[in-house]
Amino acid sequence: MNIKNIILPAALIFASIVSAATTPAAESAPQTAPAEKSWTHSVDFGLAFPIAKYKVDGKKVGTVSYTLDINYLGVARNGFSLGGSFAGGYSTTDDIKFEGEKDDLQMGRYTSLDLGIGYTFGAGKSFSLSVLGTVGYEIVYFESESHDYKHEELGDVDRYFGEAIGGVTVGGDVIAHKTLSPHWGVYAGVSGRWIAKSVSMSTVTYEKDDFTRTDTSVDDDNSGLYSIVPAVGATLRF
């Protein structure tokens, strides 16, 4: 047997084994990074404290309200922003006097709705500051307690008074958001509104058994003054 016929094949097999063992494994293909979101969305839940001043029948009426605040803010990757907000709660004033009422402080209801457009500094970052121009509408309504009253036509009735003031608002919002986790954070903001046009409606309601009669007086020749709304709360981000 020729020794070369044994050694040469063995050497080739050994060389192929060493080459396979020492050749680095092919690198795994890099994974594609997730695409950056075109828009981020935030929904704010908090407390707002609207402070407003209106003109009604030539007199100034100031209100302070305590409301629950819900805001939406959509922010594009380039900072362009769209927003909307709704607030509802209680309102107080000592500038409205109802006949027969001994308490100078009146408590009523407050509602507002606003839409905005603007820009967000720090879009997509953990801290951002949004500046929006807004247009909206707000309304406050106050109602007196019911008292016994002798009406010249209806006889003995229950009578109460109401006063509603609504205003078209134009202004701006400044809102700061701070992210604390991937989906949750906090916000604080302040809104300034010029009440471009306000309308007041005064009512007197008479009730007797199942019968109700309401006399209404509307004054639409009013101009509002201002509304300032600080707010603070929690943010859901997605």
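Note: the structure precedes this text.
All of the points below concern the structure found in this document. (Residues numbered from 1 in each chain as written. Predicted model: local features only at pLDDT ≥ 70, side-chain atom pairs only at ≥ 80, totals over all residues. Heavy atoms only, no water.)

A word on unusual backbone geometry
Right, on to step 1. You will see that Asp209, though not glycine, has its phi angle at about 55 degrees, which is positive.
Right, on to step 2. With respect to the helices and strands, Asp209 occurs in the loop between strand 9 (184-208) and strand 10 (211-222). (Helix = DSSP H or I, 4+ residues; strand = E, 2+ residues; numbered from the N terminus.)

Remarks on the layout of surface pockets
Empty pockets left among the atoms are what a rolling probe the size of a water molecule brings to light.
Right, on to step 1. Estimates place the volume of the largest pocket at around 270 Å³.
Right, on to step 2. Breaking the lining of the largest pocket down by element, the ones donating at least two residues are strand 3 (59-76), strand 8 (155-179) and strand 9.
Right, on to step 3. Considering every element that reaches the lining of the largest pocket, the biggest residue donor is strand 8, with four residues.
Right, on to step 4. When grouped by side-chain class, the residues that make up the lining of the largest pocket number seven nonpolar, three polar and seven charged. (1 Å grid on protein atoms, 1.4 Å probe; cavity = no way out; pocket = protein on both sides within 12 Å on 5 of 7 lines; lining within 4 Å. Points joined across faces, edges and corners; volume = space filled by probe spheres on them. Nonpolar A, V, L, I, M, F, W, Y, C, P; charged D, E, K, R; others polar.)

Topic: the side chain of Thr205
Right, on to step 1. Mapped onto the elements, Thr205 comes out in strand 9.
Right, on to step 2. Here the side chain of Thr205 touches Thr214 through a polar contact of 3.3 Å, side chain to side chain.
Right, on to step 3. Those residues in contact with Thr205 that lie beyond four places of it in its chain are Asp158, Arg159, Tyr160, Thr212, Arg213 and Thr214. (Polar contact = N/O pair within 3.5 Å; in protein donor to acceptor, adjacent residues only side chain to side chain. Contact = heavy atoms within 4.5 Å.)

Some points on a negative patch on the surface
Right, on to step 1. On the surface, Glu143, Asp148, Asp158 and Glu207 cluster together to form a negatively charged patch.
Right, on to step 2. When you line up the elements, Asp148 lands in strand 7 (residues 147-151). (Patch = residues over 30% accessible without salt bridge, like charges linked within 9 Å, V, L, I, M, F, W, Y side chains within 5 Å. Areas by Shrake-Rupley, 256 points an atom, 1.4 Å probe, with all protein chains shown as cover. Salt bridge = Lys/Arg side-chain N within 4 Å of Asp/Glu carboxyl O. Lys, Arg positive; Asp, Glu negative; His and termini not counted. Charge placed at Lys NZ, Arg CZ, Asp CG, Glu CD.)

Side note on empty space enclosed by the protein
Right, on to step 1. Under the defined criterion, the tally for this structure stands at two cavities of 30 Å³ or more.
Right, on to step 2. Estimates place the volume of the largest cavity at around 300 Å³.
Right, on to step 3. Counting residues per element, the ones that place at least two in the lining of the largest cavity are strand 1 (39-48), strand 3, strand 4 (80-93), strand 5 (106-121), strand 6 (127-143), strand 8, strand 9 and strand 11 (226-237).
Right, on to step 4. No other element matches the six residues that strand 9 contributes to the lining of the largest cavity.
Right, on to step 5. Of the residues contributing to the lining of the largest cavity, the split by class is 15 nonpolar, ten polar and six charged.
Right, on to step 6. Empty space within the second largest cavity amounts to approximately 160 Å³.
Right, on to step 7. The wall of the second largest cavity is formed by 20 residues, among which Thr40, Ser42, Ser128, His177 and Arg237 lie closest to the centre.
Right, on to step 8. Taken together, the elements giving at least two residues each to the lining of the second largest cavity come down to strand 1, strand 3, strand 6, strand 8, strand 9 and strand 11.
Right, on to step 9. The residue makeup of the lining of the second largest cavity, split by class, is five nonpolar, twelve polar and three charged.

So, the packing of aromatic side chains
Right, on to step 1. Scanning the entire structure with this criterion turns up five aromatic pairs.
Right, on to step 2. Centre to centre, the rings of Trp39 and Phe80 are 6.3 Å apart; their planes meet at 80 degrees, and the pair counts as edge-to-face. Of this pair, Trp39 sits in strand 1 while Phe80 sits in strand 4, and the two are 41 residues apart along the sequence.
Right, on to step 3. Taking relative accessible area as the criterion, Trp39 reaches 33% and is therefore assigned partly exposed.
Right, on to step 4. When the centroid spacing of 6.3 Å and the interplanar angle of 15 degrees are considered together, the rings of Phe98 and Phe161 count as stacked. On the criterion of sequence distance, the pair formed by Phe98 in the loop between strand 4 and strand 5 and Phe161 in strand 8 is long-range, its members being 63 residues apart.
Right, on to step 5. Lying across the ring of Tyr149, Arg159 places its NZ or CZ 3.8 Å from the centre. (Phe/Tyr/Trp six-rings, centres within 6.5 Å; stacked < 30°, edge-to-face > 60°. Buried < 20%, exposed > 50% of the residue type's maximum accessible area, 1.4 Å probe, protein only. Lys NZ or Arg CZ within 6 Å of the ring centre and 35° of its normal.)

Here's the deal with the pairing of strand 3
Right, on to step 1. Inspection of the sheet shows strand 1 paired to strand 3 by ten bridges, in the antiparallel sense. For Val43, the partnering residue across the bridge sits in strand 3 and is Tyr72.
Right, on to step 2. Pairing geometry for strand 2 (residues 51-56) and strand 3, over six bridges, is antiparallel. Bridge pairing in strand 3 links Lys53 to Gly62. (Pairing = 2+ DSSP bridges.)

Notes on the environment of Glu207
Right, on to step 1. Here Glu207 shows up in strand 9.
Right, on to step 2. Residue Glu207 is classed as partly exposed on the basis of its relative accessible area, which comes to 32%.
Right, on to step 3. The spacing of Glu207 and Asp148 is 59 residues in sequence and 9.7 Å in space, taken between C-alpha atoms.
Right, on to step 4. Among all residues touching Glu207, those that are not within four sequence positions of it are Val157, Asp158, Tyr160 and Thr212.
Right, on to step 5. Polar contacts involving the side chain of Glu207 include one to the side chain of Tyr160, which spans 3.3 Å.

As far as function goes, none of this settles anything; it's purely spatial.
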